[in-house]
Amino acid sequence: MQGTVASFDASTRGGVLLLDDGTELTFGARAFDASGLRLLRLGQRVRIDSEPDGTVVRVTLPTMA
């Protein structure tokens, strides 16, 4: 699944993603830390890995495997 960064707080390492259908999805520090990224910027396109219950487990760039 993919989405766009709607907000990102570097101090908490969490934020909100906007899915293509307009749904907002929050992610926490654990999902961001699992990505290996150092920063996200507003409007950036990301790939979202989630659990069956919808919990985001990793946010990465679409080009990363």
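All values reported here derive from a predicted model rather than from experimental measurement.

(A) Focus on the pairing of strand β4 (residues 45-50). Looking at chain direction, strand β1 (residues 2-9) and β4 are connected through three bridges and run antiparallel. Within β4, the residue paired with threonine 4 across the bridge is arginine 45. Here four bridges tie β4 to strand β5 (residues 56-60), and the two strands are oriented antiparallel to one another. Among the inter-strand pairings, serine 50 is bridged to a residue of β5, identified as valine 56.

(B) Representation of the sheet that holds strand β2 (residues 14-19). On the basis of which strands lie adjacent, the open sheet formed by five strands has the order β3-β2-β1-β4-β5 and antiparallel pairing. Looking at the sheet topology across the chains shown, the edges are occupied by β3 (24-27) and β5. Pairs of neighbouring strands in the sheet enclose a mean axial angle of 40°, with direction left out of account.

(C) Representation of the nonpolar core within the structure. Counting residues in each nonpolar core, the largest one holds 14 residues, and the members touching the most others are Leu17, Phe27, Leu40, Val46, Ile48, Val56 and Val59. Among the secondary structure elements, those contributing two or more residues to this core are β1, β2, β3, α1 (29-33), β4 and β5. Setting aside its immediate chain neighbours within four residues, valine 56 contacts Leu25, Thr26, Phe27, Ala31, Ile48, Asp49 and Ser50.

(D) Main features of the pattern of salt bridges. As enumerated under the stated definition, the model contains four salt bridges in all. Between aspartate 49 and arginine 47 there is a salt bridge, with the nearest N and O atoms lying 3.8 Å from each other. Take aspartate 49: its relative accessible area is 23%, and that puts it in the partly exposed class. Its salt-bridge partner being arginine 58, residue aspartate 49 comes within 3.0 Å of it at the nearest N-O pair. For arginine 58, a relative accessible area of 25% puts it in the partly exposed group. Each of the salt bridges in this network shares a partner with another, and the network as a whole consists of Arg47, Asp49 and Arg58.

(E) Local environment of the environment of leucine 61. With respect to the helices and strands, leucine 61 occurs in the segment after β5. Here leucine 61 falls in the partly exposed class, since its relative accessible area comes to 23%. Between the C-alpha atoms of leucine 61 and isoleucine 48, which are 13 residues apart in sequence, the distance is 8.7 Å. Discounting residues that sit within four places of it in the chain, leucine 61 has contacts with Leu37, Gln44, Arg45 and Arg47.

Conventions adopted
- Residues numbered from 1 in each chain as written.
- Predicted model: local features only at pLDDT ≥ 70, side-chain atom pairs only at ≥ 80, totals over all residues.
- Heavy atoms only, no water.
- Pairing = 2+ DSSP bridges.
- Helix = DSSP H or I, 4+ residues; strand = E, 2+ residues; numbered from the N terminus.
- Axes fitted to C-alpha atoms, helices over the stretch in contact; angles between N-to-C directions.
- Core = buried A, V, L, I, M, F, W, Y, C linked by side-chain atoms within 4.5 Å.
- Buried < 20%, exposed > 50% of the residue type's maximum accessible area, 1.4 Å probe, protein only.
- Contact = heavy atoms within 4.5 Å.
- Salt bridge = Lys/Arg side-chain N within 4 Å of Asp/Glu carboxyl O.

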